[in-house]
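As a plain string of letters, each chain reads:
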Amino acid sequence: MGKFAVLDHPLIQHKLTLIRDKKVGTKAFRETVNEISALMAYEVSRDMPLEDVEVETPITTTTQKQLSGKKVAIVPILRAGLGMVDGMTSLIPAAKVGFIGMYRDEETLKPHEYFVKLPGDIAERQLFVVDPMLATGGSAIMAIDALKKRGCSGENIKFACLVAAPEGVKALQEAHPDVDIFTAALDDHLNENGYIVPGLGDAGDRLFGTK
Ligand SMILES: O=c1ccn([C@@H]2O[C@H](COP(=O)(O)O)[C@@H](O)[C@H]2O)c(=O)[nH]1
Ligand SMILES: O=P(O)(O)OP(=O)(O)O
Ligand SMILES: [Mg+2]
């Protein structure tokens, strides 16, 4: 089974509390989602492999560490996942970005894929799939299905969200037990409309000012 981690760094917790407030407007919501995503990138990338490299400092020659593993791609699930991209790339600037567009049917809560655009070498990369909300888990499961269909291995996929519902974590772990899951908060439950409680509402609408 992949790792499941709640990233409880105080700065992450504090910033997440700020954006749960329904009075927070689009600008502050977007900026804070990016700040949280940067802090999460730091934790999510913690086990990236290193190799020794020789460096000549002004004083001497020394053996130090540099990143050695697979190149990274960040894969936001549109729209809401877009809000996490700038924060992630602020820490991993060389990452490529792939896009999976998905919306949830409001009645059935089933995800519908409407767009996929990925780097050509996606199967060779370490992937960070991002979506602020893991609710039923349907969108994340379908996005990871789409990546596996294109040759990506679950061991190279990490899923990061801001708020997860227990129902979504269970569904994602059952569907993709090889994928690590990181969240800033594990909330209580889903309501009858498929929204996370207490949650923060519809992340896409709050990020882009729609509805
Ligand atoms: O409280 C919520 C719940 C869901 N969303 C949006 O839906 C998908 C995730 O839903 P799944 O049921 O896990 O497929 C996510 O992309 C969000 O955009 C939300 O914003 N707020
Ligand atoms: O999952 P949805 O339907 O909320 O999509 P979006 O992220 O575009 O708001
Ligand atoms: Mg939405």
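Residues numbered from 1 in each chain as written. Chains lettered and ligands numbered in written order. Predicted model: local features only at pLDDT ≥ 70, side-chain atom pairs only at ≥ 80, totals over all residues. Heavy atoms only, no water.

Asks: Please set out the coordination of the magnesium ion (ligand 3) residue by residue, giving values where relevant.
Replies: For the magnesium ion (ligand 3), the protein coordination sphere consists of Asp 202 (OD) and Asp 202 (OD), at 2.4 to 2.6 Å. Structurally, Asp 202 is set in the loop between strand E13 (196-197) and helix H6 (203-208). (Donors = N, O, S within 2.8 Å, 3.2 Å for Na, K, Ca; no water. Helix = DSSP H or I, 4+ residues; strand = E, 2+ residues; numbered from the N terminus.)

Asks: How would you explain the site of ligand 2 if you had to name every residue and give the values?
Replies: What surrounds ligand 2 is the set Leu 78, Arg 79, Ala 80, Met 102, Tyr 103, Arg 104, Asp 202 and Gly 204. Contact distances for ligand 2 include 2.8 Å between an oxygen atom and a backbone N or O atom of Arg 104. Residue Asp 202 places a side-chain N or O atom 3.3 Å away from an oxygen atom belonging to ligand 2. Taking 270 Å² as the accessible area of ligand 2 by itself, protein coverage stands at 77%. The greatest single-element share of the shell around ligand 2, amounting to three residues, is contributed by strand E6 (residues 99-104). Within the shell around ligand 2, the residues separate by chemical class into four nonpolar, one polar and three charged. (Near = heavy atom within 4 Å. Polar contact = N/O pair within 3.5 Å; in protein donor to acceptor, adjacent residues only side chain to side chain. Areas by Shrake-Rupley, 256 points an atom, 1.4 Å probe, with all protein chains shown as cover. Nonpolar A, V, L, I, M, F, W, Y, C, P; charged D, E, K, R; others polar.)

Asks: An account of the nonpolar core is requested, with residue identities and associated values reported.
Replies: Leu 16, Ile 19, Met 40, Leu 162 and Leu 200 are the most contacted members of the largest nonpolar core, which totals 34 residues. Within the residue set of this core, elements represented by two or more residues are helix H1 (10-20), helix H2 (26-44), strand E4 (72-78), strand E8 (126-130), strand E10 (157-164), strand E11 (180-186) and H6. Not counting residues within four places of it along the chain, the set of residues in contact with Met 40 comprises Leu 7, Ile 12, Met 84, Ala 160, Cys 161, Leu 162, Phe 182, Thr 183 and Ala 184. (Core = buried A, V, L, I, M, F, W, Y, C linked by side-chain atoms within 4.5 Å. Buried < 20%, exposed > 50% of the residue type's maximum accessible area, 1.4 Å probe, protein only. Contact = heavy atoms within 4.5 Å.)

Asks: I'd like a rundown of the environment of Phe 99, residues and numbers included.
Replies: Structurally, the position occupied by Phe 99 is in strand E6. If we skip the residues at most four places from it in the chain, Phe 99 touches Pro 76, Leu 78, Leu 82, Phe 115, Val 116, Lys 117 and Leu 118.

Asks: I'd like a description of the site of ligand 1, backed by residues and values.
Replies: Around ligand 1 there are 16 residues in total, and Asp 131, Thr 136, Ser 139, Gly 201 and Ala 203 lie nearest to it. In this structure, Ser 139 approaches ligand 1 through a side-chain N or O atom, which is 2.6 Å from an oxygen atom. When each cavity is represented as a set of grid points, ligand 1 is found to reside in the largest pocket. Elements supplying a minimum of two residues to the shell around ligand 1: strand E9 (133-134) and helix H4 (138-149). Split by residue class, the shell around ligand 1 holds seven nonpolar, six polar and three charged. (1 Å grid on protein atoms, 1.4 Å probe; cavity = no way out; pocket = protein on both sides within 12 Å on 5 of 7 lines; lining within 4 Å. Sits in = over half its atoms within 2 Å of the grid points.)

Asks: Tell me about the packing of H4 against helix H5 (residues 166-175), residues and numbers included.
Replies: It is at 9 Å that the axes of H4 and H5 come closest, and there the two elements cross at 20 degrees. For the element pair H4 / H5, the angle class is roughly parallel. The handedness of the crossing between H4 and H5 comes out as right-handed. For the pair H4 and H5, the contacting residues are Ala 140, Ile 141 and Ile 144 in the first and Ala 171, Leu 172 and Ala 175 in the second. Its residues placed into classes, the contact of H4 with H5 shows six nonpolar, no polar and no charged. (Axes fitted to C-alpha atoms, helices over the stretch in contact; angles between N-to-C directions. Parallel < 35°, antiparallel > 145°, perpendicular 65-115°, else oblique. Left-handed = near helix turned anticlockwise from the far one by under 90°.)

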